[in-house]
Amino acid sequence: MTTSVSDISRKQSAELFEKAKQYFPGGVNSPVRAFKSVYGTPLFIERGDQAHLWDADGNEFIDFCCSWGPLILGHNNAEIREAVQEQLGKGLSFGAPTKLENDLAELILTHNKKIEKIRFVSSGTEAVMSAIRLARGYTKRDKIVKFEGCYHGHSDSLLVKAGSGLVTFGETSSAGVPKAFADETIVIALNDKQALEQVFVDFKDQIAAVIIEGVPANNGLLIQDKDYIHFLRDITKANGALMIFDEVITGFRLGFEGAAKYYDIQPDILTYGKIIGGGMPVGAYGASKELMACISPDGSVYQAGTLSGNPVAMAAGIAALSILARPGFYEQLEKTTQAFVDELRAHIAEKGYGVRIFTIGSIFWFAFSNENIQRADQIDPASMENYKKMHRELLNRGVYFGPSGYEVGFISAAHTEADLTKSLAVIKEALDIVFQ
Ligand SMILES: *Cc1c(COP(=O)(O)O)cnc(C)c1O
């Protein structure tokens, strides 16, 4: 049974949001949470269990946002909770090494042969910022190339969007980023070999690194062609530039070796976040021993963190990744996701709706378009109006998607068959309303 709109009260959330607006810019501590791209105001979440969320008014939702990706095991996983509880009794932070850091590193490095050494930080932003510094320190070059439609956190060098023309200096996409920083970042289109060739002609011997998301998943799900990723690998190598694979979403989501394995590629530096901390704030970057020898205190590239390798966060990461390392984990999750997407695609095809669902691993994205979208400029901003409507209908029926049509959805191992069956019925109903 689906709930009708009028049964749902959002009174508590609305009151909490009014209060929050007095305390925080826009009432939130991270902008997309503010529900600016969808109807209504943010739901204030009280608790989560498995694939379910409860808001401050006691409404229950099946969650496909999963904290924007980290919760591949759902909410309140018993093994993670117990590991965290055990560590809580021993102390929250020491600012000194712990065995837990070794254990998490060992777990990662034995299952991920794309990196030989790793450094833990506290967020994805920090991981990417440090990877960029490492690339610049190692190559002794300043310029970096990024792609329109890829998000790499909010560090200055990466809050840059494409200017006009095929290959240009970027323009800042945030106030407060010096133009001189944006001048060091060149932004080009995804899946475009010609733009890549041109950038290495125009900025010969100046490019420290090209950074790309393992699979771009922050501005729609823009799955790149395999031969393009290999072209990117070859052209960076030929020009003495490093290839940075930002696997903050795809790392431990597509498997321990993430998108690097999917594309069968060896990037120079890889960055991680989200899933790696089991729901706690952890990021990491890794590379070959040779590259990582540049990092302080072994080398001259400085990078540090008071709470880096935090023992509680490490305990959560170890518990989470130990579960992910079990045989068949990813195969099962991918199978579940494929079946879910297949059923929706069948409904869409039967009704002739202009929707395409892109998916890889346990990630999915609804594009209100018939195009095979692989670049940011192929997404029609006007199509977001349909997402906005769908989002409202989903929320009213107890299904929680991220509050923006540019965001992807995630299926966790905690989503049961019953959760998915109910969600499928709700999503079909929501689509029927959008296209009625
Ligand atoms: C989320 C994300 C980041 C930023 O990570 P934070 O932990 O939010 O700082 C960087 N890169 C990618 C690909 C991401 O998805």
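All values reported here derive from a predicted model rather than from experimental measurement.

Rules and cut-offs
- Residues numbered from 1 in each chain as written.
- Predicted model: local features only at pLDDT ≥ 70, side-chain atom pairs only at ≥ 80, totals over all residues.
- Heavy atoms only, no water.
- Helix = DSSP H or I, 4+ residues; strand = E, 2+ residues; numbered from the N terminus.
- Rg over C-alpha atoms; globule rule 2.2 N^0.38 Å.
- Buried < 20%, exposed > 50% of the residue type's maximum accessible area, 1.4 Å probe, protein only.
- Contact = heavy atoms within 4.5 Å.
- Areas by Shrake-Rupley, 256 points an atom, 1.4 Å probe, with all protein chains shown as cover.
- Lys, Arg positive; Asp, Glu negative; His and termini not counted.
- Charge placed at Lys NZ, Arg CZ, Asp CG, Glu CD.
- Near = heavy atom within 4 Å.
- Polar contact = N/O pair within 3.5 Å; in protein donor to acceptor, adjacent residues only side chain to side chain.
- Pairing = 2+ DSSP bridges.
- Axes fitted to C-alpha atoms, helices over the stretch in contact; angles between N-to-C directions.
- Parallel < 35°, antiparallel > 145°, perpendicular 65-115°, else oblique.
- Nonpolar A, V, L, I, M, F, W, Y, C, P; charged D, E, K, R; others polar.
- UniProt positions renumbered as here; feature names shortened; annotations may be inferred.
- 1 Å grid on protein atoms, 1.4 Å probe; cavity = no way out; pocket = protein on both sides within 12 Å on 5 of 7 lines; lining within 4 Å.
- Points joined across faces, edges and corners; volume = space filled by probe spheres on them.
- Domains from an automatic or database assignment.
- Buried area = accessible area lost by both parts, 1.4 Å probe.
- Salt bridge = Lys/Arg side-chain N within 4 Å of Asp/Glu carboxyl O.

## What about the overall build of the protein chain?
Okay, so step 1: When you go through the protein chain residue by residue, the secondary structure sums to 13 helices and 17 strands.
Okay, so step 2: A compact globule built from 436 residues should have a C-alpha radius of gyration of about 22 Å, and the protein chain, at 22 Å, falls within 12% of that.
Okay, so step 3: Put simply, the protein chain has 436 residues, and 56% of those count as buried.
Okay, so step 4: A fraction of 71% describes how many contacts in the protein chain between residues 6 or more apart in sequence connect residues 24 or more apart.
Okay, so step 5: When the accessible area of the protein chain is evaluated, it comes to approximately 18,800 Å², of which 51% is carbon and sulfur surface.
Okay, so step 6: Side-chain charges in the protein chain split into 43 positive and 53 negative, and the spacing between the mean points of these groups amounts to 2 Å.

## What about the site of the ligand?
Okay, so step 1: Within the structure, the ligand sits among Ser-123, Gly-124, Thr-125, Tyr-151, His-152, Gly-153, Glu-213, Asn-218, Asp-246, Val-248, Ile-249 and Lys-274.
Okay, so step 2: Tyr-151 places a polar main-chain atom, nitrogen or oxygen, 3.4 Å from a nitrogen atom of the ligand.
Okay, so step 3: For the ligand, a nitrogen atom lies 2.7 Å from a polar atom in the side chain of Asp-246.
Okay, so step 4: For the ligand, the accessible surface in isolation is 380 Å², of which the surrounding protein chains cover 83%.

## Quick look at the pairing of strand 12 (residues 269–272)
Okay, so step 1: Going residue by residue along strand 12, you find Ile-269 and Thr-271 tucked away on one face and Leu-270 and Tyr-272 tucked away on the opposite face as well.
Okay, so step 2: Taken together, the four bridges between strand 12 and strand 13 (residues 283–287) define a ladder with antiparallel strand orientation. From the neighbouring strand, Leu-270 faces strand 13, where its bridge partner is Gly-286.

## Quick word on the packing of helix 6 (residues 193–202) against helix 7 (residues 226–238)
Okay, so step 1: Remark: helix 6 packs on helix 7, axes separated minimally by 10 Å, with the N-to-C direction vectors making an angle of 10°. Here helix 6 lies roughly parallel to helix 7, going by the angle between them. The residues of helix 7 that touch helix 6, namely those facing Lys-193, Leu-196, Glu-197 and Phe-200, are Asp-227, Tyr-228, Phe-231, Leu-232, Ile-235 and Thr-236.
Okay, so step 2: Of the residues that constitute the contact of helix 6 with helix 7, the class distribution is six nonpolar, one polar and three charged.

## So, the UniProt feature "modified residue: N6-(pyridoxal phosphate)lysine" (unreviewed entry) in the protein chain
Okay, so step 1: This chain's UniProt record puts "modified residue: N6-(pyridoxal phosphate)lysine" (unreviewed entry) on Lys-274.
Okay, so step 2: Turning to its location among the elements, Lys-274 is positioned in the loop between strand 12 and strand 13.
Okay, so step 3: With relative accessibility at 24%, the residue Lys-274 sits in the partly exposed group.
Okay, so step 4: Discounting residues that sit within four places of it in the chain, Lys-274 has contacts with Trp-68, Pro-70, Val-248, Ile-249 and Val-282.

## Things to note about the layout of surface pockets
Okay, so step 1: Estimates place the volume of the second largest pocket at around 580 Å³.
Okay, so step 2: Considering the residues around the second largest pocket, the lining is formed by 23 residues, among which Ile-118, Arg-119, Phe-120, Ser-296 and Pro-297 are closest to the centre.
Okay, so step 3: At the level of secondary structure, the elements contributing two or more residues to the lining of the second largest pocket comprise helix 3 (99–111), strand 4 (117–121) and helix 9 (289–292).
Okay, so step 4: Taken together, the residues of the lining of the second largest pocket break down into 10 nonpolar, seven polar and six charged.

## Side note on the domain arrangement of the protein chain
Okay, so step 1: Each domain of the protein chain was delimited in the assignment, giving domain 1 (11–76 + 328–434) and domain 2 (78–324).
Okay, so step 2: One C-alpha centre belongs to domain 1, the other to domain 2; they are set 25 Å apart.
Okay, so step 3: Each partner contributes residues to the interface: domain 1 has 25 residues there, and domain 2 has 32 residues.
Okay, so step 4: For the pair domain 1 and domain 2, the summed buried area comes to about 2,500 Å², and 65% of that belongs to carbon and sulfur atoms.
Okay, so step 5: The largest contributions to the domain 1 side of the interface with domain 2 come from Tyr-330, Ile-360 and Gln-374, which together make up 28% of the buried area.
Okay, so step 6: Run the count over domain 1 and domain 2 and you get zero salt bridges.

## Notes on the pattern of salt bridges
Okay, so step 1: All chains considered together, the criterion is met by 15 salt bridges.
Okay, so step 2: In this structure, the salt-bridge partner of Glu-18 is Lys-21, at a minimum N-O distance of 3.1 Å. Of this pair, Glu-18 and Lys-21 both sit in helix 1 (residues 11–23), three residues apart, which is roughly one turn of the helix.
Okay, so step 3: The class of Lys-21 is partly exposed, set by a relative accessible area of 42%.
Okay, so step 4: Here Glu-86 makes a salt bridge to Lys-90, at a shortest N to O gap of 3.4 Å. Note on accessibility: Glu-86 and Lys-90 belong to one class, exposed.
Okay, so step 5: Linked through salt bridges whose partners overlap, the residues forming this network are Arg-392, Glu-393, Arg-397 and Glu-429.

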